[in-house]
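Structural characterization, general
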Amino acid sequence: MNVRRRLTTGAVGLALAATACTLTIGSEPTPTQVPTPVLSPSSVPSGSRSAAAAMKRLCEAPRIGSGSGVTPEGPTPPEIATVEQQVETVRGLRYTAHVAVKALDQEQIDRRLSRNFEKTYPVDFYARRSQAWGTIGVIPAGTSIRDALLAFATGQVVGFYNPANKQLVYIGDSELSLTERFILAHELTHALDDQHFGLSRLDSVAARCDDEAFTAGLGAVEGSAQFFATQVILRFPSDAPLGGGGDGGSLEGVPPFISNLQLWPYGAGMAFVQRLDDRGGTELVNRALTTFPASTEQIIHPDRWPSDTPQPVNVPDLGPSLGAHWRDLDVMTVGEAWLQLMLELRLTADDAGRAATGWGGGLYRAWTDGTRTAVVLRTVWDSPDDTQEFAEAMGEWIGGSAFIGTPNGIWVDVGFASDGATLDALRAAVDGSP
């Protein structure tokens, strides 16, 4: 629950949730029709060679910190107590326990973030994911997702609440600027929501490497904090200056896809919570924190929460068809937000949004022989029209290097490879897969 220094509409949050991808196209073959059968959720393969089994094998769960809690030292500072009361008022809830709050300088916060980062982001896991994303083409080849995320965080975060030890740290003093008050309101909302709804439940989602479900849950959590912190600023106006805390950091060298993914839960999440509040007040917001949204589609389209759940998707093991030394590299669930942000790298935001709407489920599976890489992205859609629109957008995005299978009108397979020969072999493998 970190807060980033830069301002857009007041302040923007930063989530260190990992994702990324890239694309290398060796040739431009004619799109191939792939006979992909329609699978009901109950019939999606789950055996040892399934994508689900591969994702479980490849998953390296982050090491979650201690949940022992931090004993608050002395009384709550008056400036903090004031913001706590304001958060309680707009949130319609009361703190059930004293919140441990500690003021730090930027260097101390960066040290804490770096220590937590080492535990949370396994080196090998993100090296493999970086290779897969580089092959898809959403980040430049050779980019390290892990290094980009650390660069994104360091010097940017001026406060965060840790559900593991229940402590809030921030940069600030007794004379709170408008920015610092927003940051405190955001993080104190996290603390209040955690006391009532148990935000550490997201840890179990992260532990099974379900990126789509994690990002959706994070959208609800960060959306709540953004929405109610904004309400604090609007309902309790102040003459305090805007600035305060942090040196601003730098996003130099951070691929746009990664920075956009990290910021997505805050903007989209706030819009989601706003819609819920308009429709059913804080009671409906509380339900979304009790039962996290299952997909980013539900965040983008609040009317689809909670009933429109994702359809399970499988990509068969094509490694043996590619060669004797090919093995699984990475498997990741892919949702509407991930696809939309990917498409926005090369298409207009409106075109990307339309093409990603109608998502019903998605997953990519990547393989490597130690030198070369191949990736198949499989998505399922709500209707044949949705399928066709996404397929056409992807065809434009990758310049025609795609495998598209729509025998029943709702499935799309897209293949990516590190070189032309591998792309041809992958196309043949996909064409011959069940």
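Data block above holds the structure.
All residue numbers refer to positions counted from 1 along the written sequence of the respective chain. Where totals are concerned, whole chains, interfaces and linings use all residues; where local detail is concerned, this predicted model gives features only for residues with pLDDT of at least 70, and gives and counts side-chain atom pairs only at 80 or more. Excluded from the side-chain calculations are hydrogens and water; all other atoms, namely the structure's heavy atoms, are used.

For the rest of this paragraph, the subject is unusual backbone geometry. Cis geometry is found at the peptide bond from W305 to P306, where omega equals 0 degrees. By secondary structure assignment, the location of P306 is in the loop between α10 (296–300) and α11 (319–322). Even without glycine at this site, K166 takes up a positive phi of about 65 degrees. Every helix listed is a DSSP run of H or I at least four residues long, and every strand listed is a run of E at least two residues long, numbered separately from the N terminus. With respect to the secondary-structure elements, K166 resides in the loop between β5 (157–162) and β6 (167–170). Here the term buried applies to any residue with accessible area under 20% of the maximum for its type, exposed to any over 50%, and partly exposed to those in between, with areas from a 1.4 Å probe on protein chains only. A relative accessible area of 36% means that K166 is categorised as partly exposed. For C209, which is not glycine, the phi dihedral falls at a positive 60 degrees. Here C209 is to be found in the loop between α7 (202–207) and α8 (211–235).

In an α-helix, one turn spans 3.6 residues, which is why side chains three or four residues apart end up on the same side. The span you would expect from a helix comes to 1.5 Å times its residue count less one. For helix α6 (residues 178–197), which comprises 20 residues, the first-to-last C-alpha distance of 28 Å matches the rise-based estimate of 28 Å (1.5 Å per residue) to within 8%. With respect to burial, α6 is a largely interior element, 17 of its 20 residues being buried. Residue G198 follows α6 closely and has a positive phi angle near 70 degrees.

What follows covers the packing of aromatic side chains. Here is the rule: rings of Phe, Tyr and Trp (six-membered ring for Trp) pair when centre to centre is within 6.5 Å. Planes less than 30 degrees apart are stacked, more than 60 are edge-to-face, and the remainder are tilted. Here the structure, examined in full by the defined rule, presents ten aromatic pairs. Ring plane angle 80 degrees and centroid distance 4.9 Å describe the contact between F227 and F228, whose orientation is recorded as edge-to-face. In this structure, F227 and F228 share a single accessibility class: buried. Measuring from ring centre to ring centre gives 5.4 Å for F257 and W338, while their planes differ by 90 degrees; the resulting arrangement is edge-to-face. Placement of the pair is F257 in helix α9 (residues 256–290) and W338 in helix α12 (residues 336–344), with a sequence separation of 81 residues. Whether a charge sits over a ring comes down to the Lys NZ or Arg CZ being within 6 Å of the ring centre and within 35 degrees of the ring normal. Directly above the aromatic system of F292 lies the positively charged group of R201, at a separation of 4.2 Å from the ring centroid.

Attention shifts here to the state of the cysteines. Disulfides are defined as pairs of cysteine sulfur atoms found within 2.5 Å of each other. Counted under the stated rule, the structure contains one disulfide. Here C59 pairs with C209 through a disulfide, and the sulfurs are 2.0 Å apart. Of note, the bridge from C59 to C209 carries an S-S torsion of about 80 degrees and is right-handed in sense. Here C59, found in the loop between α1 (51–58) and α2 (78–91), pairs with C209, found in the loop between α7 and α8; they are 150 residues apart in sequence, far enough to count as distant. Of the two residues, C59 and C209, neither departs from the other in class, the shared state being buried.

The next thing to look at is the environment of P384. Tracing the backbone shows P384 in helix α14 (residues 384–398). We call two residues in contact when some of their heavy atoms are within 4.5 Å. What P384 contacts, discounting residues up to four positions off in sequence, is G409 and I410.

Turning to the pairing of strand β9 (residues 373–381), a few remarks are in order. For β9, the tally of buried residues reaches nine of nine residues, placing the bulk of the element in the interior. On β9, burial covers both faces: T373, V375, L377, T379 and W381 on one face and A374, V376, R378 and V380 on the other are all buried. As paired strands, strand β8 (residues 359–368) and β9 are joined by nine bridges and run antiparallel to one another. Bridge pairing in β9 places Y364 opposite L377. Connecting β8 to the next strand, β9, in antiparallel fashion are four residues, including G370 with a positive phi near 100 degrees. Note: two strands are recorded as paired if DSSP finds a minimum of 2 bridges between them. Relative to strand β11 (residues 411–417), β9 runs antiparallel, the two being bridged by seven bridges. Among the inter-strand pairings, V375 is bridged to a residue of β11, identified as F416.

Remember that the coordinates give geometry; whether it matters functionally is a separate question.
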